[in-house]
Amino acid sequence: MSVGAGLVCAGAAAWMMSGPDTGARRARLLFASGGAPVVVGPPPWERAFVRLRRLPAEWWSVAVGALLAVLGASVLPLLAGAVGVPVLRRVRLARQARQARDRRGEAVIALCGALAGEVRAGRQPGEALLHAARDSGGLGEAQAAVLAAARFGGDVPGALADAARQPGAEGLSGLSACWGVAVDRGAGLAAGLDRLEAALRAERDQRADLQAQLAGARSTAVLLAGLPVLGLLLGTALGARPLHVLLHTGAGLACLVVGGVLEGAGLWWALRIVRGAEAA
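Treat the numbers as computed from the prediction; the structure is a model and nothing was measured.

About the criteria used
Residues numbered from 1 in each chain as written. Predicted model: local features only at pLDDT ≥ 70, side-chain atom pairs only at ≥ 80, totals over all residues. Heavy atoms only, no water. Helix = DSSP H or I, 4+ residues; strand = E, 2+ residues; numbered from the N terminus. Buried < 20%, exposed > 50% of the residue type's maximum accessible area, 1.4 Å probe, protein only. Contact = heavy atoms within 4.5 Å. Areas by Shrake-Rupley, 256 points an atom, 1.4 Å probe, with all protein chains shown as cover. Core = buried A, V, L, I, M, F, W, Y, C linked by side-chain atoms within 4.5 Å. Salt bridge = Lys/Arg side-chain N within 4 Å of Asp/Glu carboxyl O. Axes fitted to C-alpha atoms, helices over the stretch in contact; angles between N-to-C directions. Parallel < 35°, antiparallel > 145°, perpendicular 65-115°, else oblique. Left-handed = near helix turned anticlockwise from the far one by under 90°. Nonpolar A, V, L, I, M, F, W, Y, C, P; charged D, E, K, R; others polar. pLDDT = per-residue confidence, 0-100.

1. As for the overall build of the protein
Turning to step 1, where the next piece is worked out: Within the protein, the regular secondary structure consists of 13 helices and zero strands.
Turning to step 2, where the next piece is worked out: By the burial criterion, 24% of the 280 residues in the protein qualify as buried.
Turning to step 3, where the next piece is worked out: For the protein, the proportion of contacts with a sequence separation of at least 24, taken over those separated by at least 6, is 52%.
Turning to step 4, where the next piece is worked out: For the protein, the exposed surface amounts to about 18,000 Å²; the carbon and sulfur share of it is 67%.

2. Comments concerning the nonpolar core
Turning to step 1, where the next piece is worked out: Counting 32 residues, the largest nonpolar core has Leu111, Leu115, Leu129, Leu139, Leu172 and Leu175 as its most contacted members.
Turning to step 2, where the next piece is worked out: Broken down by element, this core gets its largest block of residues, six residues, from helix H5 (residues 76-120).
Turning to step 3, where the next piece is worked out: Sequence-distant contacts of leucine 139, that is, excluding residues within four places in its chain, are made with Leu111, Ala133, Val146, Leu147, Leu160, Ala163, Gln166 and Leu172.

3. Describing the pattern of salt bridges
Close approach of charged atoms lets side chains of opposite charge pair.
Turning to step 1, where the next piece is worked out: Taken as a whole and judged by the stated rule, the model has 11 salt bridges.
Turning to step 2, where the next piece is worked out: Here arginine 123 makes a salt bridge to glutamate 127, at a shortest N to O gap of 2.9 Å.
Turning to step 3, where the next piece is worked out: Taking the relative accessible area as the measure of exposure, arginine 123 reaches 30% and is therefore partly exposed.
Turning to step 4, where the next piece is worked out: Here glutamate 127 falls in the partly exposed class, since its relative accessible area comes to 37%.
Turning to step 5, where the next piece is worked out: One network of salt bridges, with partners in common, ties together Glu58, Arg89 and Arg92.

4. Overview of the environment of alanine 177
Turning to step 1, where the next piece is worked out: As for its position among the elements, alanine 177 is in helix H9 (residues 171-185).
Turning to step 2, where the next piece is worked out: In this structure, the C-alpha to C-alpha distance between alanine 177 and glycine 158, residues 19 residues apart in sequence, is 9.6 Å.

5. Some thoughts on the packing of helix H6 (residues 125-136) against helix H7 (residues 143-151)
Turning to step 1, where the next piece is worked out: With their axes 8 Å apart at the nearest point, H6 and H7 run at an angle of 155 degrees to one another. Overall, the two elements H6 and H7 adopt an arrangement that is roughly antiparallel. Two packed elements cross with a definite hand, and for H6 against H7 that hand is left-handed. For the pair formed by H6 and H7, the contact residues are Gly126, Leu129, Leu130, Ala133 and Arg134 on the first element and Gln143, Val146, Leu147, Ala150 and Arg151 on the second.
Turning to step 2, where the next piece is worked out: Of the residues assigned to the contact of H6 with H7, the class counts are six nonpolar, two polar and two charged.

6. Here we look at the confidence of the model for the protein
Turning to step 1, where the next piece is worked out: Chain-level pLDDT for the protein is 79 on average; 79% of the residues reach the 70-or-more range.
Turning to step 2, where the next piece is worked out: Per-residue pLDDT stays below 50 along residues 12-22; that stretch engages in five contacts with residues further than four places along the chain or on separate chains.

7. Details of the side chain of serine 176
Turning to step 1, where the next piece is worked out: Relative to the helices and strands, serine 176 is located in helix H9.
Turning to step 2, where the next piece is worked out: Assessed through its relative accessible area of 10%, serine 176 is described here as buried.
Turning to step 3, where the next piece is worked out: Setting aside chain neighbours within four positions, we find serine 176 in contact with Pro157, Leu160 and Ala161.

Below, the structure is given as structure tokens:
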């Protein structure tokens, strides 16, 4: 209750500092300058809050550890929060890489559809690739090399095969094969692109359906991992002082270490099963 009251008082003080006093200060500056407009920046606490929001999410582990260290009168939560920073950073980077892979896969599908439309409109394959690549952006980091090969008569299938090595752009290997067959043997490029686009869309839909089915298992694992935190909150509400027991007694420290190891191992194993199902 004392911590909650302190937070309420701090919020009220911040609101009062950002309220009428800010307008009065701006008015005083305006009249003191003879009517010339004066640019008044945000108050220091607001700038600090903006900088805090721009921090990566993994640094909140240190903030939570510092709060628990103050409440539990021990440095162990702060050390645990510092150790959690690289782990959470790895999780965040993996999520960003997965999102970039999905966006690249969508761009490859859009590229195949746009290229098929350009070819049907009567453009030559090289010119059609130039227009379709500019609209879809499905070539990613290798776009310059592929466009240069298409513009100057280079090895377009080879450039597409190199671009297919990017995560999520594996469909460009099929585009490379369609291009080689169409150019070397005179086959219809548009028909091959249509079949390739349909296959890529079916694969994307199957992957999305699998992820939707596994979302429940992943959420259950994360929820079960958070149950010990709920137990600590309930113990604190009942006046049992679980943080003092865990951080300042031998038996509590032993339970904390064993429980943390088992918690981490269980969460890692559950998520490993989910990732194995996705990879299969």
